[in-house]
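Descriptive structure summary
Each chain, written out:
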Amino acid sequence: MTFRSSILRRGASLGLGLSSVLLLGGCATYTPDGGLGIARETASRELRQDTVRIRNAADMARVQERVNVLLRSPLRADAAVQIALLNNRGLQAAYNELGMAEVQFVQAALPPSPTISLARLVSTGGTLDIERQLLVNILGLATLPQRRAIAEVRFTQAQLRAAEETLRVAGDTRRAYYRAVASGQLVTFLSQATEAAKSASEMFKRLGETGAANRLDQAREHVFYADVAAQLARARLQHRADRERLIRLLGLWDNIAALKLPSQLPALPGRPLTRDNIEREALNKRIDLRIARLEVDGVGRQFDLTSWSRFLSVLEVRGILNNERSPVVEREYRLQGGNLVEERRTEIERTRISGLELEFQVPLDLGEGRMRHAREGYLRAVNRLVEKAVNVRSESREAYQRYRGSYDFARHYQGQILPLRQIIADESLLRYNAMLTDVFPLLAEARARIAANATAIEARRDFWIANTDLQLVVIGGAGSGGGGEGASVAAVAGGAEVGH
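Our subject in this report is the structure included herewith. All figures in this text were calculated on a predicted structure; none of them were measured in a lab.

Before going further, it helps to examine the pattern of salt bridges. All chains considered together, the criterion is met by 32 salt bridges. Across the pair E46 and R45 runs a salt bridge whose closest N-O atoms are separated by 3.1 Å. Of the residues examined, E46 reaches a relative accessible area of 25% and is grouped as partly exposed. You can call R45 partly exposed: its relative accessible area is 40%. When salt bridges with common partners are traced through the structure, they connect E165, R168, D172, R175 and D469 into a single cluster.

Another point: the side chain of E316. Looking at the element boundaries, E316 is found in strand β3 (residues 314-336). There is no salt bridge for the buried E316, and the closest opposite charge comes from R318, which lies 5.2 Å off by N-O distance. Residues within four places of E316 in sequence aside, it is in contact with L135, V136, N137, I138, E357, L358 and E359.

In globular proteins that are soluble, nonpolar side chains generally tend to be buried together. Ranked by size, the top nonpolar core spans 88 residues in total, and within it L75, Y177, L246, L250, L252, L259 and L261 carry the most contacts. Residue contributions to this core peak at 23 residues, all from helix α7 (residues 144-210). In contact with L252, other than residues within four places in its own chain, are V67, L71, I83, N87, I247 and L259.

This brings us to the sheet that holds strand β2 (residues 128-137). In spatial order, the strands read β1-β2-β3-β4; together these four strands make up an open sheet with antiparallel pairing. Taken across any chain shown, the strands that pair with only one partner, and hence form the sheet edges, are β1 (115-122) and β4 (339-361). Going across the sheet, the axis of each strand differs from the next one's by a mean of 10°, ignoring polarity. Summarising the sheet, β3 and β4 pair through 23 bridges and their orientation is antiparallel. Looking at the pairing, R318 lines up with E357 of β4.

The element β1 is barely covered by neighbouring structure, given that only zero of its eight residues are classed as buried. The pairing of β1 with β2 spans eight bridges and is classified as antiparallel. Within β2, the position partnered with L118 by the bridge is R132. Hairpin geometry of β1 and β2 is characterised by an intervening segment of five residues between the two adjacent antiparallel strands and by a positive phi of about 90° at G126.

With respect to the element layout, L110 can be found in the loop between α5 (89-108) and β1. The class for L110 is partly exposed, based on a relative accessible area of 44%. Each C-alpha atom of the pair L110 and L141 lies 9.2 Å from the other, and the pair is 31 residues apart in sequence.

Bridge count between β2 and β3: ten bridges; the pairing is antiparallel. Within the sheet, the bridge partner assigned to L135 lies in β3 and is R318. Here β3 hands over to β4 after two residues, with G337 in that stretch at a positive phi of 65°.

With that out of the way, let us pick up the packing of α7 against helix α8 (residues 215-250). Their axes nearest at 7 Å, the elements α7 and α8 cross at an angle of 160°. In terms of axis orientation, α7 runs roughly antiparallel to α8. Crossing handedness for the pair α7 and α8: left-handed. Class assignment for the residues of the contact of α7 with α8 results in 19 nonpolar, twelve polar and ten charged.

Moving on, we get to helix α4 (residues 77-87). The element α4 is extensively covered by neighbouring structure, given that ten of its eleven residues are classed as buried. Listed as buried for α4 are A77, A79, A80, V81, Q82, I83, A84, L85, L86 and N87.

Assignment of secondary structure puts R310 in the loop between α10 (287-308) and β3. Along the sequence, R310 and V136 sit 174 residues apart, while their C-alpha atoms lie 20 Å from each other. Setting aside anything within four residues of it in sequence, one finds R310 in contact with P363, L366, G367, E368, R370 and M371. Engagement of the side chain of R310 in a polar contact is seen with the side chain of E368, the distance being 3.3 Å.

So, on to the side chain of S428. On the secondary structure map, S428 appears in helix α11 (residues 368-433). Apart from residues lying up to four places away in sequence, S428 is in contact with L442 and E445.

With that out of the way, let us pick up helix α12 (residues 439-475). Compared with an ideal rise of 1.5 Å per residue, which puts 37 residues at 54 Å, α12 spans 55 Å between its outermost C-alpha atoms and is within 8% of the ideal. The element α12 is extensively covered by neighbouring structure, given that 33 of its 37 residues are classed as buried. Looking one or two residues beyond α12, the residue adopting positive phi is G476, at roughly 115°.

Bringing the packing of helix α9 (residues 278-285) against α12 into the picture now. Axis separation between α9 and α12 bottoms out at 6 Å; the angle between their running directions is 55°. One way to sum up the angle between α9 and α12 is to call them oblique. Counted together, I278, E281, A282 and K285 of α9 and L470, V473, V474 and I475 of α12 form the full contact between these two elements. Each residue belonging to the contact of α9 with α12 can be placed in one class, and the counts come to six nonpolar, no polar and two charged.

For any pair of aromatic rings, the description rests on two quantities: the centre-to-centre distance and the angle between the ring planes. Summed over the entire model, instances satisfying the criterion amount to nine aromatic pairs. Ring centres of Y177 and Y178 lie 5.5 Å apart, and the angle between their planes is 70°; this geometry places the pair in the edge-to-face category. Overall, Y177 belongs to the buried group, its relative accessible area being 3%.

Let's shift gears to unusual backbone geometry. Even without a glycine there, the phi angle at R48 is positive, about 60°. For R48, the location among the structural elements is in the loop between α2 (37-47) and α3 (57-70). Positioned with a positive phi, L366 is a non-glycine residue whose angle comes to about 55°. Residue position: L366 is located in the loop between β4 and α11. On the basis of relative accessibility, which here comes to 44%, the residue L366 falls in the partly exposed class.

What counts and how
Residues numbered from 1 in each chain as written. Predicted model: local features only at pLDDT ≥ 70, side-chain atom pairs only at ≥ 80, totals over all residues. Heavy atoms only, no water. Salt bridge = Lys/Arg side-chain N within 4 Å of Asp/Glu carboxyl O. Buried < 20%, exposed > 50% of the residue type's maximum accessible area, 1.4 Å probe, protein only. Helix = DSSP H or I, 4+ residues; strand = E, 2+ residues; numbered from the N terminus. Lys, Arg positive; Asp, Glu negative; His and termini not counted. Contact = heavy atoms within 4.5 Å. Core = buried A, V, L, I, M, F, W, Y, C linked by side-chain atoms within 4.5 Å. Pairing = 2+ DSSP bridges. Axes fitted to C-alpha atoms, helices over the stretch in contact; angles between N-to-C directions. Parallel < 35°, antiparallel > 145°, perpendicular 65-115°, else oblique. Left-handed = near helix turned anticlockwise from the far one by under 90°. Nonpolar A, V, L, I, M, F, W, Y, C, P; charged D, E, K, R; others polar. Polar contact = N/O pair within 3.5 Å; in protein donor to acceptor, adjacent residues only side chain to side chain. Expected span 1.5 Å × (residues − 1). Phe/Tyr/Trp six-rings, centres within 6.5 Å; stacked < 30°, edge-to-face > 60°.

What follows is the structure in structure tokens.
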């Protein structure tokens with residue numbers, strides 16, 4: 001057997017050993033969609049919308065084409081959510097993180113990589129020493145099934161987080177949509193009120209020039225016009241801010257002008273929803289609660305793994321194959337022509353050494369520190385799960401109470417206050433035209449009517465935001481609610497009324 005054939009045979013042996021180790025790695029492979037299945041299923045089932053991953057220019061072109069189609073008509077809430085799920089790059093970044101988590105999962109399912117070392121040493125006497133070593137982490141191989149199960153739990157958590165992020169983007173978009181439409185509706189109403197106040201102010205100016213109106217009534221009418229104009233300017237600023245927030249969530253870049261919003265909010269439903277089992281439903285479906293349960297499962301598996309391997313930190317076996325070739329000079333003497341002649345002949349002496357080396361490390365505290373750390377981690381996960389369950393129940397109750405309260409409030413303004421305000425305004429105008437009252441009660445009533453209409457618009461907006469929160473509080477991704485931000489124009493109008 002030649003030296004070359006020997007090397008090939010040893011290399012084949014090492015390759016066979018390496019292949020055997022790799023075959024122990026299980027069957028974890030990359031999914032075609034980068035693990036997006038749960039997020040896509042959640043978006044389809046809970047939102048009736050699609051979500052995709054953008055990986056190349058062709059995907060981007062398809063998304064852009066679909067966004068352009070949705071922007072051709074005045075935007076509805078569902079269309080806004082669909083655009084955000086397709087075009088929001090923050091959501092795409094979350095999907096990229098999911099892809100990175102899948103890589104970690106696949107790598108964690110592989111056995112520990114063997115370490116191969118080769119050394120070629122030459123001594124001054126011409127001795128050639130070739131050493132080959134194969135180092136295998138036995139402890140890693142023995143715990144591979146447990147580590148793979150833990151990695152699978154972590155990957156499922158990452159998939160659920162991607163689904164939760166999808167719901168969060170959908171919820172934020174829907175809230176931003178209702179805020180933008182409501183502020184636009186308020187701008188339209190205040191523009192009409194400003195035009196009417198402007199006409200009245202100009203009329204009183206002409207009456208003052210003819211002596212038919214005194215300076216006090218003129219000043220009251222002029223300041224009323226100024227107040228309404230100031231409210232309009234403030235409402236326009238708010239509308240621009242709300243529109244820009246919606247644009248950010250939609251991920252629009254160069255087709256901002258194509259965004260058209262409806263002139264008013266959707267009408268209130270005929271009757272409110274009844275959710276008698278909302279707490280149980282939320283406990284069963286909330287994604288963040290599912291993540292917390294998986295956290296307990298993963299930490300529990302980690303605790304079992306630590307208990308099993310507490311007495312060993314390192315356990316490795318090293319295979320060693322050493323081939324040594326040493327030149328040996330043999331001398332022979334013979335008579336030639338009466339003289340003694342020396343002849344030298346060099347031969348190669350081969351020596352082969354093989355063996356195994358076992359290396360292990362025992363912690364000085366016999367693993368007590370690792371056990372305590374794992375136990376505390378498990379208890380922390382359990383406490384977080386219980387805390388999350390308490391919060392989910394409370395949040396679901398709060399969301400439904402806010403939903404019912406905002407519905408009743410909006411319905412009260414729509415069915416009671418606005419009609420009464422209209423009657424009072426009509427009667428006040430009749431009395432003023434009949435010269436039974438002066439201009440002050442008429443202006444006071446005009447301010448109250450503007451405040452009532454503004455509050456009614458904000459109440460309807462708050463209802464639709466509460467409706468969004470109610471839908472998301474059951475499945476997850478609810479984020480921050482939208483209550484308690486309204487009454488800005490109403491407060492201004494009310495303050496103006498008190499001040500004058």
